[in-house]
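# Residue-level structure breakdown
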Amino acid sequence: MKKKIVYCTPSLYIPGGVERVLTTKANYLADVAGYDVYIVLTDGKGKEPYYPLSPKVKIIQLDINFEELWHLSFLKKILVYLQKQRIYKKRLTSTLLALKPDITVSLLRREINFLTSIKDGSKKVGEIHVNRDNYRNFEANDTNFIKNIFAKWWIKNLEYKLRKLNRFIVLTHEDKEKWTGIKNVEVIPNPLCSIQSQHSLLQDKRVIAVGRYAYQKGFDLLLNAWKHVVDKHSDWNLTIYGSGERTPYINLAKDLGIESNCCLKASVSSIISKYQESSMLVFSSRFEGFGMVLLEAMSCGVPCVSFACPCGPKDIVTDGVNGYLVEPGNVEALAERICYLIEHEELRKEMGKAARKRAEDFREEKIMQQWVDLFENIT
């Protein structure tokens, strides 16, 4: 009899890293491993998944609409959240009791607060896609005393819930070390869908960056670094692809006088082809959970220059071998390494080959076998 797996996540219509990875895993478990896979959603009713989902994966929409909280004041958010949370617990409990899955997986969103109290007979697994220190991170200039107190209380409460899980999965060894006191933690990195047969020739004078236009991704730092690069190499161009509000970054590029050497674009579904047209990826995040775009670029034979931010880059990039790691937030150091790879084409190509080899370690079948082994061991 096929094992039944239920994933709990807010939505699938957003073109984000979590949505992409969850889709990849669900498709593999359903199509290759032969599991009976369900994804329970709370938001995005009537919106199609952004990434192609196997017809074998079944979606259950609970229609809680937590997204309504986005437009409320902080204090009102708490009141509405508590109301919606009660509804969510009731509907998810009914769903799990009806499905009777073997395993229920939380992506550490709102259900983690009550998931282990649901007596449906399933093993409970949690997986986190942001590092511990930044899990309750607020955007720059969007914090205050009350929020800081709330964040500290929240993380302590989270740790209590995590200890009740059958397994807790983090993405990097770097992050695992931060979850002190939790004994059921294991490391399984994100899977890479495929190693591309076509790789970049690393000859075009193009640098690429990919991610949401948000404080976390550090594109303001990247643009300031790119100013230094343009001063030396005015024939090179930077293109950023991502979702979100681009206007502040477009204005920053104009203020820096580099608008003719950089282009800020919306996210595209064919991002692999963009890596294949580029000679370098720059990863400027202030913090991460993993850094999937690093692997995607490396699979196309593209070397990376990255901040050694927590957490992810240090688990993926070997400094000086398949890319460069620089001090987090150090704009000058980032620019210097970009320039160095621009000026040394043969080194760039050697690093590209090494990057492609490193990406092999994260092949979908290798990583997903770790998940299959985990599921088999706990059931």
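Structure's up top.
The paragraphs below set out a description of the structure included in this document.

Definitions and limits used
Residues numbered from 1 in each chain as written. Predicted model: local features only at pLDDT ≥ 70, side-chain atom pairs only at ≥ 80, totals over all residues. Heavy atoms only, no water. Phe/Tyr/Trp six-rings, centres within 6.5 Å; stacked < 30°, edge-to-face > 60°. Helix = DSSP H or I, 4+ residues; strand = E, 2+ residues; numbered from the N terminus. Buried < 20%, exposed > 50% of the residue type's maximum accessible area, 1.4 Å probe, protein only. Pairing = 2+ DSSP bridges. Axes fitted to C-alpha atoms, helices over the stretch in contact; angles between N-to-C directions. Contact = heavy atoms within 4.5 Å. Parallel < 35°, antiparallel > 145°, perpendicular 65-115°, else oblique. Left-handed = near helix turned anticlockwise from the far one by under 90°. Right-handed = clockwise from strand over helix to strand, strands pointing away.

A few words on the packing of aromatic side chains. All chains considered together, the criterion is met by 12 aromatic pairs. With a centroid separation of 5.5 Å and 80° between ring planes, the pair formed by Y88 and F114 is classed as edge-to-face. Of this pair, Y88 sits in helix 2 (residues 74-99) while F114 sits in the loop between strand 4 (103-106) and strand 5 (123-127), and the two are 26 residues apart along the sequence. Here Y88 and F114 have matching classes, each one buried. When the ring of F168 is compared with that of W179, the centres are 5.0 Å apart and the planes differ by 80°; the resulting orientation is edge-to-face. With F168 in strand 6 (residues 167-170) and W179 in the loop between helix 4 (173-176) and strand 7 (185-187), the pair connects residues that are 11 residues apart, well separated along the chain. For the pair F168 and W179, a shared accessibility class is recorded, and that class is buried. Through pairs of rings, three or more aromatic residues link up here, namely F66, Y81, Y88 and F114.

Here we take up the sheet that holds strand 1 (residues 4-9). What the 7 strands build is an open sheet, ordered 3-2-1-4-5-6-7; its pairing is parallel. What marks the edges here is a single partner per strand, and that holds for strand 3 (58-61) and strand 7. For this sheet, the mean inter-axis angle between neighbouring strands, taken without regard to orientation, is 25°. As paired elements, strand 6 and strand 7 share 3 bridges and run parallel to each other. Bridged to F168 within strand 7 is V185. This element, helix 2, spans strand 1, strand 2 (36-41), strand 3 and strand 4 of the sheet and lies at about 170° to strand 1.

Attention now moves to the side chain of K161. You can see K161 is positioned in helix 3 (residues 145-162). Look past the residues within four positions of K161 in its chain and what remains in contact with it is I112 and N113.

Let us now look at the packing of helix 5 (residues 219-232) against helix 10 (residues 331-343). Closest axis-to-axis distance for the helix 5/helix 10 pair is 8 Å, and the angle between their directions is 45°. As judged from the angle between their axes, helix 5 and helix 10 are oblique. Relative to helix 10, the crossing made by helix 5 is right-handed. Residues L221, L222, N224, A225, W226, H228, V229 and K232 of helix 5 lie in contact with helix 10, whose contacting residues are V331, E332, L334, A335, I338, C339, I342 and E343.

For helix 8 (residues 292-299), a buried count of 8 out of 8 residues is recorded, marking the element as mostly surrounded by other parts of the structure. Listing the buried residues of helix 8 in full gives M292, V293, L294, L295, E296, A297, M298 and S299.

Right, let's get into the sheet that holds strand 11 (residues 280-283). What the 6 strands build is an open sheet, ordered 10-9-8-11-12-13; its pairing is parallel. The sheet is open, and its two edges are formed by strand 10 (262-266) and strand 13 (323-326), each paired on a single side. Within this sheet the neighbouring strands show an average axis-to-axis angle of 20°, counted without direction. With 5 bridges connecting them, strand 9 (residues 237-242) and strand 10 associate as parallel partners. Within strand 10, the position partnered with I240 by the bridge is L264. Those strands touched by helix 10 are strand 11, strand 12 (304-307) and strand 13, and its axis lies near 165° from that of strand 13.

The buried fraction of strand 9 is high, at 5 of 6 residues. Sheet analysis places strand 8 (residues 206-210) next to strand 9, joined by 5 bridges and oriented parallel. Across the sheet, R206 pairs through a bridge with N237, a residue of strand 9. A crossover connection joins strand 8 to the parallel strand 9 through helix 5; in handedness this β-α-β unit is right-handed.

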